[in-house]
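# Summary of structural features
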Amino acid sequence: MSDTVEETGEPPLGTLPLDAWHRAQGARMVPFAGYEMPIQYEGIVAEHEWTRNSASLFDVSHMGQLALKGEGAAHELEKLLPGAISNLKPGKMRYSMLLTEAGGIIDDLMVTNTGPHIALVVNGACKWDDIAHLREHLPDDITLTHFDDFALLALQGPKAGEVLEELIPGTGALTFMTAALFEHDGGHIWVSRAGYTGEDGFEIAVHESKVEALADALVADERVRPAGLGARDSLRLEAGLPLYGHDLTINTDPVSADLAFALSKKRRKEGGYFGYQAVSARLADLEAGTLAQRRIGLTLDGRMPAREGAEVYAGDTKVGTVTSGGFSPTLGVPIAMAYVDTAHASEGTALEIEVRKKRLSAKVTSMPFVPHRYYRGS
C-alpha cells in the first residue's frame, strides 16, 4: 500500500522530472526536502573528486524557482531582505536572505535581475514557507510566480565552462554571478554562472519537458558524469558554504553566521528591511567584540569526523556546537563548521570536539577549507 498523508502524517514524497533518468543511471535515491533525490551513483568520494577535476551534473530541481514582477518589485523585495536589489543590473545576481523582524534567517537565496522580472532561487525545504512569507508581505500589485514546471540542473567543475560552451554557444562568456537567456533544443533556458560546490559552474533552468534531453546531451560528453547529494554536500562543506536547516536557521542571524558580506554598506546605514534593528545590534556587537557566537571552521586531528550536534569544548567548558561535519576527500582530514563563543573563534585556537564519548583535538581554521575557483573572467 502506498503511503498517504493520513497513514503517515507526512505528505507523499515528490518526484523530480528526471526521477526515471536517475534510476536508469544507477542512482541510489533517498528522501530529501520532500522529494526522492539521488544521493550517489558510483560513490560519493568518486563523484566529489570528479567534480574537482572535470565536471559533474547535479539535479537540484527540488529548489524553488520564483519570479517577482510589477512596478517597484525590487524596491518592495528590499523591505524583506538586507541586500541591495534595486541597484542590481540586468543579468547580475546577488546572494541574500529572508529575515524575521528579530533578525532570524528564514532562508538564504539567490536573487537575479533578469530584466523583465526579479528571479529568486530558494531552498527546496523552505520554498512553500518562503512563498507564503512573500505573498503575505509583498503588495498585491507585485505578481509572484512559482515556476513549478521548470527543472534546475547544476553543471559544476573546472571543465564545466568548455563543456557548456560547446553545447550552448555563448554561455562561456558568462562570469561568476551573471546570468542570461539562451535557446536550446527549440526552447528557452536560463543559465546562471553560479553553484554550490566552490568550483566554476552553472545552474540551468529548463522546462521539465526538455530536461531529459539536456541531461542526456551533457552526460554524453566524456568530461561529464552525474553526481548526487552526497558529493554536493562534501563539496559545499569544503567550500565553507552554509546549509539551511543546519548551519543557518531561524535562530541564527547573518552576523553570527559570518554572512555580513551580504549586508550592503548603504543598507547597514539606512535600514528599511525586516530585522534591521536586530542585525544592527549584532553588527555593533561584532565591532565591539561582544558578539556571543560566530560560525567558524574546524579541522580535526585523526580521521574520525564530527557530525552535526557534536559539542565543542575549550578545556572542560562547552563553547559551541557543530552544525556540519564530514571527512574532506580533498584535504584528507575531517572538517566541520560550528558556532562557538566568540572568545574561542580566532583562527588557530585549539579546541576539542566530543565524538562517541571521546574528545577529538581540533583547530579553528579559516574558510573556505578548499579555495573557491569561480570564473571571474580571463
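These notes cover the structure that comes with them. Given the structure is predicted, the values throughout are model-derived calculations rather than measurements.

### Quick look at the sheet that holds strand β18 (residues 333-341)
Spatial strand order, β15-β18-β17-β16-β19-β20: six strands in a closed barrel with antiparallel pairing. Across the sheet, the mean angle separating the axes of adjacent strands is 45 degrees when strand polarity is ignored. In the sheet, strand β16 (residues 311-314) pairs with strand β19 (residues 350-355) via two bridges, with the strands oriented antiparallel. Bridging from a neighbouring strand, Val312 pairs with Ile353 of β19. The strands that helix α8 (residues 229-238) touches are β17 (317-328) and β18; relative to β17, the one it contacts most, it runs at about 125 degrees.

### What to know about the pattern of salt bridges
For the coordinates displayed, the defined rule picks out 18 salt bridges. Glu36 is the partner of Arg23 in a salt bridge, and the nearest nitrogen-oxygen pair spans 3.1 Å. With Arg23 in helix α2 (residues 19-24) and Glu36 in strand β3 (residues 35-40), the pair connects residues that are 13 residues apart, well separated along the chain. On the basis of relative accessible area, Arg23 is assigned to the partly exposed category, the value being 40%. Residue Glu36 is classed as partly exposed on the basis of its relative accessible area, which comes to 25%. For Glu311, the salt bridge goes to Lys318, with nearest N and O atoms at 3.6 Å. Owing to a relative accessible area of 28%, Glu311 belongs among the partly exposed residues under this scheme. Residue classification places Lys318 among the partly exposed positions, given a relative accessible area of 42%.

Conventions we followed
Residues numbered from 1 in each chain as written. Predicted model: local features only at pLDDT ≥ 70, side-chain atom pairs only at ≥ 80, totals over all residues. Heavy atoms only, no water. Pairing = 2+ DSSP bridges. Helix = DSSP H or I, 4+ residues; strand = E, 2+ residues; numbered from the N terminus. Axes fitted to C-alpha atoms, helices over the stretch in contact; angles between N-to-C directions. Contact = heavy atoms within 4.5 Å. Salt bridge = Lys/Arg side-chain N within 4 Å of Asp/Glu carboxyl O. Buried < 20%, exposed > 50% of the residue type's maximum accessible area, 1.4 Å probe, protein only.

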